[in-house]
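Structural characterization, general
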Amino acid sequence: MASLPPTNPAVPPTEQPTADEWKWIDDAISKGSPSGGVSPTSVAKAAGSTNTKAKTSNPTSGIPKPAVSFKASLTTSMDSATSSNSNDGGAGPSSTRSTANSRGRMMRRSSFLGSTFSFRKKKKRATTGNPEDRHAALDDEEGHSELFLTLLYESLDDSKALVAKSIGVLLVWSVLCAFFSEWLREMASSDAGGRADRFLEDIENCKSAISILGTLFVFTLVFRFNTCYDRWWESRMFWGDIISRCLDLNMMNRRWVADQDLGDRMSRWIIAYSYASKALLRGTSLAEEEEDGNALVERGILTQEELDNMHDFPCWQPHYCLEMIRAILVEAHKVPKGKGMTFDENNKIHGQMFRCFDGIIKQMTDLIGDSVRTRSSGLPASYDAITMCSFFMFFFLAAFVWSAGIGWMTPVIIGCASLIVMLLIVMGSKLVDPFGHDKVDIPMEAFCATIEAQVLAMDERSRSGIIEKFAKTSMPRASMTKSATFHIPKLD
């Protein structure tokens, strides 16, 4: 670590760099190139001259007002010091290059610090053809904060008419009940102890019975909603497993398939498998306009011939992709002299390697079957029938009983309570099929974009050879010794 130079006596103590700024200076110098010509003394002079100029530029004020920040001006001063040292005695290609590198590091450090200490407003990334950009845009869209009423209104979607009609019927009934209870009160006031008075008393005594009906109704409602949510969560778990299996398969592909062309083909079909699964679970084909087939052709994941052939054959398209992956594995085993795979047939690992591939592909097949089962099974019709019958029976009786005690507050209470319950019923119905386009459905677009981005990242690492380089590089001895020695405090 470079030693700090003495403070500049020409600068008052209040204008000297702070401890944090000196630390920043020291870090910048230690990261610079020795040939760049930047020394601690030159930095201190630059800092002192900067502060002196800042104060003398406004002699009428007791507080200096520098035109630029300390770190920005310091970076500029260090650039000038670097340029002067290079011109004095360090001219040459290597000196110029090291000076430029040092200046670049200083500028990057300054810009990083400036962005760290400034207020930054989060902006949404533009959606482009890059899968990482599309994934970020989908994440922003999924996590975008909206007014809860807007989210609630959008979640109803095509059920708005059902909700409005059901609540409207109950409101009309509660208004009639309020009129009836008011008429009974008038009759009871004119004939105390008469038939109307006894009728009002009997109605008020039914509150305990309404409480029992309400308990049964809540049990029915919660049971149905939990069943719907379990289906949604099961589907979410299936897609989490699909992501994991796709990435596992591509890691095996890039480590164990030695033929680069065959490895690229398998990666493409792994990406296509995720988008084909999304299309199948929505009841469409990957080649349809609302799906991503044409976009995959544009991004080079599929060819137009492959997409058309997949669309023409009457089969589940994810199984088509898995069959192509198996065919690619067969082609890799057919390469002469065992050069298609990392381990040839004489190696004991060869058979185990094939079992790993086959096991992952079988799991991906099972996941699609489980997802299709969840989508196609639905809920028994009796669930919806019992829930809706209980809904209307409870609120019709509750409005009639409550009107004897709360009068014209009955429509208000019935309207609010029925709205909440109806929202739970509709939300449960939306959760039954979690693979659609509703707000409550699982974000399969973001999952597919995740798979595509991660697969392409693995492909890039494989082409660069960086994994093989790090796998063959041993840890330096000093680092091993340092990481293996640590202090364990003794217990008193």
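Here is a short report on the structure shown in this document.

Reading guide: rules and limits
- Residues numbered from 1 in each chain as written.
- Predicted model: local features only at pLDDT ≥ 70, side-chain atom pairs only at ≥ 80, totals over all residues.
- Heavy atoms only, no water.
- Axes fitted to C-alpha atoms, helices over the stretch in contact; angles between N-to-C directions.
- Helix = DSSP H or I, 4+ residues; strand = E, 2+ residues; numbered from the N terminus.
- Parallel < 35°, antiparallel > 145°, perpendicular 65-115°, else oblique.
- Left-handed = near helix turned anticlockwise from the far one by under 90°.
- Contact = heavy atoms within 4.5 Å.
- Nonpolar A, V, L, I, M, F, W, Y, C, P; charged D, E, K, R; others polar.
- Patch = residues over 30% accessible without salt bridge, like charges linked within 9 Å, V, L, I, M, F, W, Y side chains within 5 Å.
- Areas by Shrake-Rupley, 256 points an atom, 1.4 Å probe, with all protein chains shown as cover.
- Salt bridge = Lys/Arg side-chain N within 4 Å of Asp/Glu carboxyl O.
- Lys, Arg positive; Asp, Glu negative; His and termini not counted.
- Charge placed at Lys NZ, Arg CZ, Asp CG, Glu CD.
- Buried < 20%, exposed > 50% of the residue type's maximum accessible area, 1.4 Å probe, protein only.
- Polar contact = N/O pair within 3.5 Å; in protein donor to acceptor, adjacent residues only side chain to side chain.
- Core = buried A, V, L, I, M, F, W, Y, C linked by side-chain atoms within 4.5 Å.
- Arc of directions from axis to C-beta.
- Expected span 1.5 Å × (residues − 1).

**Some points on the packing of helix α7 (residues 160–190) against helix α8 (residues 195–204)**
- Contact geometry of α7 with α8 gives a least axis separation of 8 Å together with a crossing angle of 135°. One finds that α7 runs oblique with respect to α8. In terms of crossing hand, the pair formed by α7 and α8 is left-handed. Taken together, the residues of α8 that come into contact with α7 (itself represented by Phe 180, Leu 184, Arg 185, Met 187 and Ala 188) are Ala 196, Asp 197, Phe 199, Leu 200 and Ile 203.
- Across the contact of α7 with α8, the residue classes break down as eight nonpolar, no polar and two charged.

**As for a negative patch on the surface**
- Together, Asp 191, Asp 197, Glu 201, Asp 202 and Glu 204 line one region of the surface with negative charge.
- Among the secondary structure elements, Asp 202 is positioned in helix α8.
- Assessed through its relative accessible area of 45%, Asp 202 is described here as partly exposed.

**Considerations on the side chain of Ser 371**
- Counting through the fold element by element, Ser 371 comes out in helix α14 (residues 349–377).
- Classification of Ser 371 by relative accessible area gives buried; the value is 0%.
- In this structure Ser 371 touches Phe 238, Leu 281 and Phe 435, once residues within four positions along its chain are discounted.

**Describing the environment of Ser 181**
- Relative to the helices and strands, Ser 181 resides in helix α7.
- Separated by 221 residues in sequence, Ser 181 and Trp 402 have C-alpha atoms that sit 9.4 Å apart.
- When near neighbours in sequence (up to four residues on either side) are disregarded, Ser 181 contacts Ser 403, Ala 404 and Gly 407.
- A distance of 2.9 Å separates a polar atom in the side chain of Ser 181 from the backbone oxygen of Ala 178.

**As for the nonpolar core**
- Ranked by size, the top nonpolar core spans 57 residues in total, and within it Trp 239, Trp 269 and Phe 357 carry the most contacts.
- Listed by contribution, the elements that provide at least two residues to this core are α9 (207–256), α10 (260–281), α12 (304–312), α13 (317–334), α14, α16 (410–432) and α17 (444–464).
- If you tally residues by element for this core, the top one is α10, at eleven residues.
- Leaving out residues up to four positions away in the same chain, Phe 357 has contacts with Leu 249, Met 252, Asn 253, Trp 256, Val 257, Met 266, Leu 329 and Met 341.
- Counting residues in hydrophobic clusters, the runner-up holds 20 residues, among them Ile 167, Phe 217, Phe 395 and Val 426.

**With respect to a nonpolar patch on the surface**
- Together, Ile 212, Leu 213, Leu 216, Met 393 and Leu 397 make up an exposed nonpolar region whose accessible area comes to about 460 Å².
- If you list the elements that add at least two residues to the nonpolar patch, you get α9 and α15 (381–406).
- No other element matches the three residues that α9 contributes to the nonpolar patch.
- Positionally, Leu 216 belongs in helix α9.
- Overall, Leu 216 belongs to the exposed group, its relative accessible area being 52%.

**Some details on the packing of α10 against α17**
- Between α10 and α17, the least distance of the axes is 9 Å, while the angle of their chain directions is 175°. When the interaxial angle is binned, α10 and α17 end up roughly antiparallel. Here α10 contributes Gln 260, Asp 264, Ser 267, Ile 270, Ile 271, Ser 274, Tyr 275, Lys 278 and Leu 281 to the contact with α17, which in turn contributes Met 444, Glu 445, Cys 448, Ala 449, Ile 451, Glu 452, Val 455, Leu 456, Asp 459 and Arg 463.
- Here the contact of α10 with α17 is composed, by residue class, of ten nonpolar, three polar and six charged.

**A word on the pattern of salt bridges**
- Under the criterion given, the structure shown has 17 salt bridges.
- Linking Asp 459 and Arg 254 is a salt bridge whose minimum nitrogen-to-oxygen distance equals 2.8 Å. Of this pair, Asp 459 sits in helix α17 while Arg 254 sits in helix α9, placing them 205 residues apart in sequence. Judged on exposure class, the residue Asp 459 and its partner Arg 254 are both buried.

**Structural notes on α8**
- Restricting attention to buried positions, one finds in α8 the residues Ala 196, Leu 200 and Ile 203. Viewed end-on, α8 has its buried residues packed into an arc of 60°, placing them on one side of the element.
- Turning to α8, the residues buried within the fold contact α7, α9 and α15.

**A few points about α7**
- Between the first and last C-alpha of α7 there are 45 Å, a value that for 31 residues agrees with the 45 Å anticipated at 1.5 Å per step.
- Turning to α7, its buried residues are Val 163, Ser 166, Ile 167, Leu 170, Ser 174, Cys 177, Ala 178, Ser 181, Leu 184 and Ala 188.

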